[in-house]
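Breakdown of the fold
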Amino acid sequence: MKQACYKFIPVLFAVIVAMLPSCLHPQPEAPQLLEQAEALMESHPDSAMLLIDSIFYPEESLHKADYMRYLVARVQARYKNYRPVAEDTLIFVARDYFTKHSQNPKQTTLAYFYSGCVYREQDNFGKAMQHYKDAEQYAVKTQDVDLQVLVQYNMGDLLAEEGLHAQALKKYQEAENLYRQSPVQYQEKQARCLAAIGRMFLLLGEEDSSFVAFHKGLELAETSGNNDLQSILAQNLSVAYMEAKQYAQAKEYLHQSMKFNLDSTKLPRYYLNFANLYFEIQQSDSLYSYAQKLKQAVEYAPDDDPSLKASAYSFLADFAKSQGDFDEAFQYLNKRSRLVEEITQKQLKRNVYETQQKYDYQKQQSRHTQALLKRQRLGIFFLTLFLAASLAAIVLLRKTVYQKKRLLSLQNAMQTLYKTAKDLRQQQEVTKESHVQLREILLWKFNVQHKSALLKSELQHLDRMDTKKAFARFDEIVYGKDNPSQWSSLVETIDELTPGLSGFIRRRYPQFSDTEFNVCLLSYAGLNAKETALMLNQSPHTVNMARTRIRQKMNLTEPGADFCAAIDKAYRQYHEIK
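Our subject in this report is the structure included herewith. Throughout, a residue's number is its position along its own chain's written sequence, starting from 1. Selection of residues for local features in this predicted model requires a pLDDT of at least 70, selection of side-chain atom pairs for listing and counting requires 80 or more, and totals for whole chains, interfaces and linings are taken over all residues. Each side-chain value is derived from all of the structure's non-hydrogen atoms; neither hydrogens nor water enter the calculation.

Looking at the overall build of the protein
Looking only at helices and strands, the protein features 25 helices and zero strands. Think of it in three bands: with a 1.4 Å probe and only protein chains considered, a residue is buried below 20% of the maximum accessible area for its type, exposed above 50%, and partly exposed in between. Within the protein, the fraction of its 578 residues that count as buried is 35%. Contacts were defined at the residue level, with two residues in contact if any of their heavy atoms lie within 4.5 Å. Put simply, of all contacts in the protein between residues at least 6 apart along the chain, 58% involve residues at least 24 apart. A 1.4 Å probe and the Shrake-Rupley method give the accessible areas. Residues count as covered only by the protein chains that appear here. Looking at the protein as shown, the accessible area adds up to about 35900 Å², and 55% of this sits on carbon and sulfur atoms. Each helix corresponds to a stretch of at least 4 residues labelled H or I by DSSP, and each strand to a stretch of at least 2 residues labelled E; elements are numbered beginning at the N terminus.

Here it is as structure tokens:
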């Protein structure tokens, strides 16, 4: 039962873990879609918008930080694709989040900048400018020149929209200065800034300064080899010379702009500009020629620029009226009216499309919410089952642990009893040895008392014995009747204290004489020269001479070397090896 339960738990846990991502993140690929959209934002904003729109449940599919990035990227993509962002107020939540939690100044800059763009479309000039200024402070921390210029340039655009051309000029100049301090790869972007600077000078009536800016921008465009940019700047110069009534230069740069233009869809605009130019200088033939070209080209002009068609129809109506062809003039005015109506209808359809897209998004979100609820209910069921199985496993595990603890407690008790029994046996052995030692001590004491009594009784007759007989009687009493000598008894005692010492010295140092052997043995026993002389019935001088010879025979050349320590070391090594 226990093994089956343990086998079931990992399987159930794996099922729940596999289901959790789908419950918590209904669109697992959402983070990758967001990263791809951010990567394509500058080069292909239309593709980035498609990727952003494909994230259908960002609140649940993304973590909080990624969801905040999504809010910024969504407004960024819509703004770059010229779609309205006035109602995208959720970016304010992202702005507050990145201000408090993010350590990424670039992301915070984008949050403030596009919050300002939302306010700008809401016609809230004050808040838009304040957010641009906040974005400017964070942009400086990024060391990203493009990002800093983006903020400065749009501040200039906002000021220009409000008619504050002098202040707008300063912002454009700050943007151009940032590019001017950077490497050569920024020449094209610097040229675009100079185009904006030239327009501001033109609006401020400073024609000479506008010409300087336009010409400098055109030089940078020629250096970079960007034909499209050269065409734009040459066209700007043409307009500037038109404003200054310098029609020859205006004509020259308009031709130059048209030469660099590689887009045939822009030809109607050139025909219109040439027609207006020749109208100003009263060149009827050229005016008539370009008016005819405009008539043919305007019908094939792209629909993405309705304002151009409207201007062309208005000019053609005036031209037909000047030629006395009122029917044709009426037709062009009628086309212009229909075009204006179409523009209004397209704007209305665009608003309806935006509303329909929001409805579809909400509908899709609702559908996925239902699917998510189903997955969550299934996840809750398996989670409940997992918790019940876990609870049962915990109860079983606790029971098993309790039994293991009881077994461990019994084992500990048995070990304690075993140690106790072992200690008792050791104590009994020690007690037995103590009894043996005590008996030997008592026997030794009895022996001493017995010999002392005998010696005492013999001392009473000492005055009647000669000295030699007295010593012989003393040795008999102390060392025993059968003991041949006092020396043999002393050697036996030393061997009892240090087993086998005398034999070891005999074998180890056979070069010792009997006197040297005796002196060596007594010195090892701790007797000094005088005591050794008394024991051997020799003079102290003889003992010292014997000690000197012992050192020489043991090759101990240092004066006063301790031969007893050398013998003790050799004796211990011998017994360790043995």
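There is more to say, and it comes next.
Focus on the packing of aromatic side chains
Stacked, edge-to-face and tilted are the three classes for Phe, Tyr and Trp ring pairs, Trp counted by its six-membered ring, which pair at centre distances within 6.5 Å; planes under 30 degrees apart are stacked, over 60 edge-to-face, the rest tilted. Considering all chains together, one arrives at 18 aromatic pairs under this definition. When the ring of Phe113 is compared with that of Tyr114, the centres are 4.8 Å apart and the planes differ by 80 degrees; the resulting orientation is edge-to-face. An identical accessibility class is assigned to Phe113 and Tyr114; each is buried. The interplanar angle of 20 degrees and the centroid separation of 6.2 Å between the aromatic rings of Phe274 and Tyr278 together place this pair among those described as stacked. Of this pair, Phe274 and Tyr278 both sit in helix H15 (residues 267-280), separated by four residues, roughly a single helical turn. A relative accessible area of 3% places Tyr278 in the buried class.

Thoughts on the nonpolar core
Note that soluble globular proteins tend to have their nonpolar side chains buried in a common cluster. Counting residues in each nonpolar core, the largest one holds 95 residues, and the members touching the most others are Tyr70, Leu233, Leu294 and Phe315. The criterion is simple. A nonpolar core is a set of buried Ala, Val, Leu, Ile, Met, Phe, Trp, Tyr and Cys residues joined through side-chain atoms within 4.5 Å. Within the second largest apolar cluster, 24 residues are counted, among which are Ile494, Leu501, Val519 and Ala570.

Quick word on the pattern of salt bridges
A carboxyl oxygen of Asp or Glu within 4 Å of a side-chain nitrogen of Lys or Arg is what we treat as a salt bridge. This model, assessed by the stated rule, comprises 16 salt bridges. For Asp53, the salt bridge goes to Arg83, with nearest N and O atoms at 3.7 Å. You can see Asp53 sitting in helix H3 (residues 45-53) and its partner Arg83 sitting in the loop between helix H5 (64-80) and helix H6 (91-101), a full 30 residues away along the chain. The class for Asp53 is partly exposed, based on a relative accessible area of 30%. Between Arg506 and Asp514 there is a salt bridge whose closest N-O contact spans 3.6 Å.

Structural notes on the state of the cysteines
Two cysteine sulfurs form what is called a disulfide whenever their separation falls within 2.5 Å. Here the structure, examined in full by the defined rule, presents zero disulfides. Between Cys564, a free cysteine, and Cys520, which holds the nearest cysteine sulfur, the sulfur-to-sulfur gap is 6.3 Å. Exposure remark for Cys564: the relative accessible area of 16% places this residue in the buried category.

Focus on H5
Between its terminal C-alpha atoms H5 stretches 24 Å, which fits the 24 Å expected from 17 residues at 1.5 Å a residue. Of all 17 residues that make up H5, twelve are buried, and the element is covered over most of its length. Of the positions making up H5, those classed as buried are Asp66, Tyr67, Met68, Arg69, Tyr70, Leu71, Val72, Ala73, Val75, Gln76, Ala77 and Arg78. Two residues or fewer past H5, Tyr82 is found with a positive phi of approximately 60 degrees. How far a helix is expected to stretch is found by multiplying one less than its residue total by 1.5 Å.

Remarks on the packing of helix H22 (residues 514-524) against helix H23 (residues 529-536)
In this analysis an axis means a line fitted to C-alpha atoms, helices contributing only their contacting stretch, and an angle means the value between N-to-C directions, from 0 to 180 degrees. Viewed as axis vectors pointing N to C, H22 and H23 meet at an angle of 130 degrees, and their least axial separation amounts to 10 Å. Accordingly, the angle class assigned to the pair H22 and H23 is oblique. Between H22 and H23 lies a crossing of right-handed hand. The residues of H23 that touch H22, namely those facing Asn518, Val519 and Leu522, are Thr532, Met535 and Leu536. Considering only residue class, the contact of H22 with H23 consists of four nonpolar, two polar and no charged. Here the angle decides the label: under 35 degrees means roughly parallel, over 145 means roughly antiparallel, 65 to 115 means roughly perpendicular, and every other value means oblique. The crossing is said to be left-handed when, going from far helix to near helix, the turn is anticlockwise and less than a right angle, and right-handed when the turn is clockwise. Ten residues, namely Ala, Val, Leu, Ile, Met, Phe, Trp, Tyr, Cys and Pro, are considered nonpolar, four, namely Asp, Glu, Lys and Arg, are considered charged, and the remaining ones, Gly among them, are considered polar.

Focus: the side chain of Gln76
Relative to the assigned elements, Gln76 resides in helix H5. A residue is classified by how much of its surface remains accessible, and Gln76, at 8% relative accessible area, is buried. If we ignore the near neighbours within four places in the chain, the residues touching Gln76 are Met41, Glu42, Leu110 and Tyr114.

Thoughts on a nonpolar patch on the surface
A grouping of Leu378, Phe381 and Leu385 is seen on the molecular surface, where their side chains present a nonpolar patch of about 280 Å² in accessible area. Assignment of secondary structure puts Leu378 in helix H18 (residues 326-459). Candidate patch residues must exceed 30% relative accessible area and have no salt bridge, after which like charges are joined if within 9 Å and Val, Leu, Ile, Met, Phe, Trp or Tyr side chains if within 5 Å.

Quick word on unusual backbone geometry
If you check the backbone angles, Gln143 has positive phi at about 60 degrees while not being a glycine. Note on placement: Gln143 falls in the loop between helix H8 (125-142) and helix H9 (145-161). Residue Gln143 is classed as exposed on the basis of its relative accessible area, which comes to 64%.

Some details on the environment of Lys335
Turning to its location among the elements, Lys335 is positioned in helix H18. With relative accessibility at 26%, the residue Lys335 sits in the partly exposed group. Distance in space between the C-alpha atoms of Lys335 and Tyr313 is 7.0 Å, their sequence separation being 22 residues. Not counting chain neighbours up to four residues away, the residues in contact with Lys335 comprise Glu299 and Tyr313.

Brief notes about helix H13 (residues 227-243)
The end-to-end C-alpha distance of H13, which contains 17 residues, comes to 24 Å, matching closely the 24 Å that a straight helix rising 1.5 Å per residue would cover. The set of residues buried in H13 consists of Leu229, Gln230, Ser231, Leu233, Ala234, Gln235, Asn236, Leu237, Ser238, Ala240 and Tyr241. For H13, the secondary structure elements touched by its buried residues are helix H11 (187-203), helix H12 (207-224), helix H14 (247-260) and H15. In the stretch just after H13, Lys245 is the one whose phi turns positive, near 65 degrees.

Overview of the packing of H13 against H14
One way to put it is that H13 packs onto H14 with a least axis distance of 8 Å and a crossing angle of 160 degrees. The orientation of H13 relative to H14 falls into the category roughly antiparallel. H13 and H14 meet at a crossing whose hand is left-handed. Contacts between H13 and H14 involve Asn227, Gln230, Ser231, Ala234, Gln235, Leu237, Ser238, Tyr241 and Met242 from the former and Tyr247, Gln249, Ala250, Tyr253, Leu254, Gln256, Ser257 and Phe260 from the latter.

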